[in-house]
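Chain by chain, the residues run as shown.
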Amino acid sequence: MNDSKKYGFTTTILHSDRQKSIEHGSLHKPIHTSVAFGYRDARELAAVFQGKTPGYRYGRQGNPTVSALEDKINRMEEGLATLCFSTGMAAIGALAQALLRDGDHVVVSSFLFGNTNSLWQTVNAQGCDVSFVDATDVANVEAALTPATRIVFVETIANPRTQIADLARIGELCRQRGILYVVDNTMTSPYLFRPRQVGAGLVVNALTKSIGGHGNALGGALTDTGLYDWSRYPNIHDNYKRNQVQQWGISQVRAKALRDFGAALGPEAAHHIAVGAETMALRLERECANALALAQMLQADERVAAVHYPGLPTHPQHALAKDLFRAFGGLFSFELKEGIDCFDYLNRLKLAIPASNLGDTRTLVIPVAHTIFYEMGAERRASMGIAESLIRVSVGIEDPADLVEDFRQALGT
Ligand SMILES: *Cc1c(COP(=O)(O)O)cnc(C)c1O
């Protein structure tokens, strides 16, 4: 593959390992399980430590199998540089640990993945001020900004209610104010959407979900798109200002978060994720088509009270989703009418599995209020628009007719 030519998404991912020489012509990047990397020449070892020669030192800061995956993610996001972490949460935690200081202010969407919401509450308790706002309207983000605001953090499509952030307008606002804009792209994945299009400086991906795609490995990534001007960011330590200004942020995150906090991705997990990534586009095409078919069938049934899916014309941000995303995603949620118990409904499903992952090849369902949103209590759930009967569906790649029939028969006769 000639690196200067622009290939399609899947071609690029499939052939990215061959950009560098691979041991013995192996077609997959091998799984390097070594923690340490030895050098024959002690001066070369020193040069690697001083960043003067490229090379690996110790597994916590970098590993060849993980680097090959970082390169793939970087190509997917058309980024400047990408770092991988042990989980998606570790990637988000890393940016908070490496880039924020006591007294800083952060604006985050109030419709976030539950654990991310909890993480920002922890950051708030540790000395940063965190404002939670309805990010479907840029005006709410703008109203929350203060002179101490360092980061605005949003997701693309919210889980489980599928609200879509005002992505492009928030990007423009951040650009004008010199604020770092971070977009968690997990729900769309780089196949459906690239946050650099809306001006994101950093992009988060939970590799556990669509990129790995088989529910067999945890992982996370942070990509620097190269769009943010780090000379405007006040928290960069002098050590990292020795590099080119574009590298300041990513080198500080590598050192402060990966080296010091140590949530490194393991090489075996990196291999699983890299193999999964090869079929991401194929899986997502099928998942999005299946999700639309299920959402349409359920919406047309009188026993269903509401269906939340950006692919339905009734979704409040349907036009925005159509404009920004290649397809509408593999996740939707729905509410049953009173009289049908959500547990009974789930127990009648024969194919869909009650489980809490997303972006798996298998269709997974979960009663939201009773599981992932249980801890926050009824009042907070109501304020987030989470009905007690809400069922979240992460749609898999099963044959479409089988899935539609399964969800239809569970409604009863
Ligand atoms: C799952 C998820 C995460 C966290 O990823 P883990 O690998 O489970 O830690 C972060 N953000 C979003 C949007 C997610 O769906």
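Calculation rules
Residues numbered from 1 in each chain as written. Predicted model: local features only at pLDDT ≥ 70, side-chain atom pairs only at ≥ 80, totals over all residues. Heavy atoms only, no water. Helix = DSSP H or I, 4+ residues; strand = E, 2+ residues; numbered from the N terminus. Rg over C-alpha atoms; globule rule 2.2 N^0.38 Å. Buried < 20%, exposed > 50% of the residue type's maximum accessible area, 1.4 Å probe, protein only. Contact = heavy atoms within 4.5 Å. Areas by Shrake-Rupley, 256 points an atom, 1.4 Å probe, with all protein chains shown as cover. Near = heavy atom within 4 Å. Polar contact = N/O pair within 3.5 Å; in protein donor to acceptor, adjacent residues only side chain to side chain. Nonpolar A, V, L, I, M, F, W, Y, C, P; charged D, E, K, R; others polar. Domains from an automatic or database assignment. Buried area = accessible area lost by both parts, 1.4 Å probe. Expected span 1.5 Å × (residues − 1). Arc of directions from axis to C-beta. Pairing = 2+ DSSP bridges. Axes fitted to C-alpha atoms, helices over the stretch in contact; angles between N-to-C directions. Salt bridge = Lys/Arg side-chain N within 4 Å of Asp/Glu carboxyl O. Phe/Tyr/Trp six-rings, centres within 6.5 Å; stacked < 30°, edge-to-face > 60°. Lys NZ or Arg CZ within 6 Å of the ring centre and 35° of its normal.

1. Considerations on the overall build of the protein chain
Looking only at helices and strands, the protein chain has 15 helices and 12 strands in total. For the protein chain, whose C-alpha radius of gyration is 22 Å, the value lies close to the compact-globule estimate of 22 Å for 413 residues. Taken along the three principal axes of its C-alpha coordinates, the protein chain extends 75 × 55 × 35 Å. By residue count, 54% of the 413 residues in the protein chain fall in the buried class. Of the contacts formed within the protein chain by residues at least 6 apart in sequence, a portion of 70% connects residues at least 24 apart. Accessible area for the protein chain stands at about 18000 Å²; split by element, carbon and sulfur atoms hold 50% of it.

2. Focus: the site of the ligand
Surrounding the ligand, one finds 13 residues, the nearest of these being G88, M89, D184, T208 and K209. The separation between a nitrogen atom of the ligand and a polar side-chain atom of D184 is 2.7 Å. Contact between the ligand and K209: an oxygen atom at 2.8 Å from a side-chain N or O atom of the residue. Ranked by residues supplied to the shell around the ligand, first place goes to helix 4 (residues 88-99) with 3 residues. Tallied by class, residues from the shell around the ligand come to 5 nonpolar, 5 polar and 3 charged.

3. Here's the deal with the domain arrangement of the protein chain
Along its sequence, the protein chain is organised into domain 1 (9-277) and domain 2 (281-409). Summarising the inter-unit geometry, the C-alpha centres of domain 1 and domain 2 are found 28 Å apart. Counting residues at the interface gives 35 residues for domain 1 and 36 residues for domain 2. For the pairing of domain 1 and domain 2, the buried interface totals around 2900 Å² over both sides, and the portion due to carbon and sulfur atoms is 60%. The interface formed by domain 1 and domain 2 holds 13 residue pairs in polar contact (both at pLDDT 80 or more) in total.

4. Comments concerning helix 5 (residues 114-125)
Over its 12 residues, helix 5 runs 17 Å from end to end, which matches the ideal 16 Å to within 8%, given 1.5 Å per residue. Taken residue by residue, helix 5 has T116, N117, L119, W120 and V123 as its buried positions. The buried residues of helix 5 occupy an angular sector of 160° when projected down its axis, which confines them to one face. Where helix 5 is buried, its residues touch helix 4, strand 2 (105-109), strand 3 (129-133), strand 4 (149-155) and helix 14 (377-383).

5. Topic: the pairing of strand 9 (residues 331-336)
Extensive coverage of strand 9 is indicated by the burial of 6 of its 6 residues. On strand 9, burial covers both faces: L331, S333 and E335 on one face and F332, F334 and L336 on the other are all buried.

6. Considerations on the sheet that holds strand 9
Read from one edge of the open sheet, 5 strands run 8-9-12-11-10, paired in mixed fashion. The sheet is open, and its two edges are formed by strand 8 (304-308) and strand 10 (353-354), each paired on a single side. Strand contacts of helix 11 (residues 280-299): strand 8 and strand 9, with the helix running at about 15° to strand 9, the strand carrying the most contacts.

7. Quick word on the environment of M76
As for its position among the elements, M76 is in helix 3 (residues 64-77). Overall, the relative accessible area of 0% leaves M76 in the buried class. Measuring from C-alpha to C-alpha, the distance between M76 and V307 comes to 31 Å, with 231 residues separating the pair along the chain. Apart from residues lying up to four places away in sequence, M76 is in contact with F9, I13, P190, R194, I211, A277 and M280.

8. Things to note about the pattern of salt bridges
Following the criterion strictly, the structure yields 16 salt bridges and no others. A salt bridge links R175 to E172, with the shortest nitrogen-to-oxygen separation between them at 2.8 Å. With R175 and E172 both in helix 7 (residues 167-177) and 3 residues apart, the pair spans about one turn of that helix. In this structure R175 comes out as exposed when scored by relative accessible area, which is 55%. Taking the shortest distance from any N to any O, the salt bridge between R381 and E388 comes out at 3.0 Å. One network of salt bridges, in which partners are shared, links K6, E78 and R194.

9. Some remarks on the environment of E70
Mapped onto the secondary structure, E70 falls in helix 3. E70 sits in the buried class, given a relative accessible area of 10%. With 151 residues separating them in the primary sequence, E70 and A221 have C-alpha atoms 7.7 Å apart. Ignoring sequence-local partners within four residues, the contact set of E70 consists of T82, L83, C84 and R254.

10. Comments concerning the packing of aromatic side chains
Centre-to-centre distance and the angle between the planes together describe a pair of aromatic rings. Using the criterion set out here, one finds 11 aromatic pairs in the structure. Seen from their ring centres, F9 and Y191 are 5.2 Å apart, and the 65° between their planes marks the pair as edge-to-face. Taken together, the residues span a long stretch of sequence, with F9 in helix 1 (residues 9-15) and Y191 in helix 8 (residues 189-192) at a distance of 182 residues. We note that F9, like Y191, is buried. Taking 5.0 Å as the distance between ring centres and 85° as the angle between the ring planes, the aromatic pair formed by Y228 and W230 counts as edge-to-face. Taken as a pair, Y228 and W230 share a single burial class, namely buried. Lying across the ring of F49, R57 places its NZ or CZ 5.2 Å from the centre. Of note, K209 hangs over the ring of F113, and the distance from its end group to the ring centre comes to 4.8 Å.

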